[in-house]
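# Residue-level structural notes
Listed here are the chains, written in short residue letters.
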There are 2 protein chains.
Amino acid sequence: MKSLLVVAHGSRRAQSNDEVRQLVDKMSGMPHEFTEIKAAFLELAEPLIPGGIRELIANGAREVVVLPYFLSAGRHVVEDIPADVKVVQDEKPDIKITIASYLGASDEVMDILFKQANG
Amino acid sequence: MKSLLVVAHGSRRAQSNDEVRQLVDKMSGMPHEFTEIKAAFLELAEPLIPGGIRELIANGAREVVVLPYFLSAGRHVVEDIPADVKVVQDEKPDIKITIASYLGASDEVMDILFKQANG
């Protein structure tokens, strides 16, 4: 029972938050090994990260992977997301919660950039 | 003489801007079809987009592809980047300046997310 929480920054612009939710819906429809995949936000949109993790646990997850949908290792990735995760980890010491590498850490991002650049 | 400008938002945190510059340096070292690849920023870091495009043109580009290193089609992608591009396009009507799809528009981002999630 391992579930995935894709975490974006969150925007005042509802359409940007919906774009993240749609991405996560598309991921849910692809073949994968997770019990459940959900979107959550660092701020400005719901659910926030702790609420998202708690919901996955309430739905049966014994393990949660938190995946930062961020391009750079800024304060949000380095400090804020781990702090939010710690809140729930302290509440639920029997659940394994890990934080995966943020999107921008992948060298494959460059391959996509070249493809986009070449239309 | 086609050159590529990878455009990020820009951050008050110098390390985040350097992360973008390093990505672009790595891209420059990969096999590609561009005369030159540069980083530029919408705000908070140098060069800004118009300056970046002007520098590529000064270095010989007759065509410039502007690639938004952004995850969602927010105001920055939809309005601000095109407005900055228009400033230089109006100055240099003989140069072909195009804006490529932003990073988040690629379905392959999902493949990377699954890979990151699976460690």
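Think of each chain on its own: its residues are numbered from 1, step by step along the sequence as written. For this description, chains carry letters from A and ligands carry numbers from 1, given in the order in which they are written. Reporting in this predicted model follows two pLDDT cut-offs: at least 70 for local features of residues, and 80 or more for side-chain atom pairs to be given and counted; totals over whole chains, interfaces and linings ignore these cut-offs and use all residues. Calculation of side-chain values draws on the structure's entire complement of heavy atoms; hydrogens and water are dropped beforehand.

Moving on: the overall build of chain A. Numbering of helices and strands runs from the N terminus; a helix is a DSSP stretch of H or I covering at least four residues, while a strand is a stretch of E covering at least two. If you tally the helices and strands in chain A, you get four helices and four strands. For chain A, the sequential pattern of α-helices and β-strands runs β-α-β-α-β-α-β-α. Throughout, the radius of gyration refers to the C-alpha atoms, and the reference size of a globule is 2.2 Å times the residue count to the power 0.38. A compact globule built from 119 residues should have a C-alpha radius of gyration of about 14 Å, and chain A, at 14 Å, falls within 12% of that. Its C-alpha atoms put chain A at 50 × 30 × 30 Å along the principal axes. Expressed as a percentage of contacts within chain A between residues at least 6 apart in sequence, the contacts between residues at least 24 apart total 72%. Here, residues are in contact when the closest pair of their heavy atoms is within 4.5 Å.

We now examine the relation of the copies chain B and chain A. C-alpha atoms of residues with pLDDT of at least 70 in both copies form the basis for the least-squares superposition of the copies. Superposition of chain B onto chain A requires a rotation of 180° combined with a translation of 0.0 Å along the rotation axis, giving an RMSD of 0.0 Å. Taken together, the rotation and translation describe the operation of a two-fold axis. Here 100% of the interface residues in chain B have copies in chain A that are interface residues too; the copies meet face to matching face.

Now for the layout of surface pockets. Taken as a whole, the largest pocket spans an internal volume of roughly 1,600 Å³. Cavities and pockets were defined on a 1 Å grid built from protein atoms only: a cavity is a group of points that admits a 1.4 Å probe but offers it no way out, a pocket is an open group of points flanked by protein on both sides within 12 Å along at least five of seven lines, and a lining residue is one with an atom within 4 Å of any such point. In terms of lining residues, the largest pocket is bounded by 45 residues, among which H9 and F70 of chain A together with H9, F70 and H76 of chain B are the most central. Secondary-structure elements contributing two or more residues to the lining of the largest pocket are α1 (14–28) and α3 (75–91) of chain A together with α1 (14–29) and α3 (75–91) of chain B. Considering each element in turn, the lining of the largest pocket owes the most residues, seven residues, to α1 of chain A. Residue composition of the lining of the largest pocket, grouped by class: 15 nonpolar, 19 polar and 11 charged. The element that contributes the greatest number of residues to the lining of the second largest pocket is α1 of chain B, accounting for five residues. Grid points are joined across faces, edges and corners, and a volume is the space filled by probe spheres set on the points. By the convention adopted, Pro, Cys, Tyr, Trp, Phe, Met, Ile, Leu, Val and Ala count as nonpolar, Lys, Arg, Asp and Glu as charged, and the other residues, Gly among them, as polar.

With that settled, the discussion passes to the interface of chain B and chain A. Contacts between chain B and chain A engage 40 residues on the former and 40 residues on the latter. The buried area of a pairing is the accessible area, by a 1.4 Å probe, that goes missing from both parts when the two are put together, added over both. Here chain B and chain A share an interface that buries about 3,600 Å² over both sides, 66% of which is from carbon and sulfur atoms. When the buried surface of chain B facing chain A is broken down by residue, L113, F114 and Q116 of chain B rank first, second and third, together holding 18% of it. In the sections that follow, a salt bridge refers to a side-chain nitrogen of Lys or Arg positioned within 4 Å of a carboxyl oxygen of Asp or Glu. Linking chain B with chain A are four salt bridges, by the criterion used here.

Next up on the list: the sheet that holds strand β4 (residues 96–99) of chain A. Residues and elements named next belong to chain A. Note on pairing: DSSP must find at least two bridges between two strands before they are called paired. Ordered by their spatial adjacency, four strands build an open sheet running β2-β1-β3-β4, and the pairing between neighbours is parallel. Bordering the open sheet on either side are β2 (37–41) and β4, each of which pairs with just one other strand. Pairs of neighbouring strands in the sheet enclose a mean axial angle of 25°, with direction left out of account. Sheet topology note: the strand β1 (residues 2–8)/strand β3 (residues 63–68) ladder contains six bridges and is parallel. Its bridge partner being in β3, V7 is matched across the sheet by P68. Simply put, an axis is a line fit to the C-alpha atoms, just over the touching stretch for a helix, and the angle between two N-to-C directions goes from 0 to 180 degrees. Lying on the sheet, α1 is in contact with β1 and β2; it crosses β2 at an angle near 165°. Relative to the sheet, helix α2 (residues 49–58) contacts β1, β2, β3 and β4, its axis offset from that of β1 by approximately 165°.

This is a description of form; function is not addressed.
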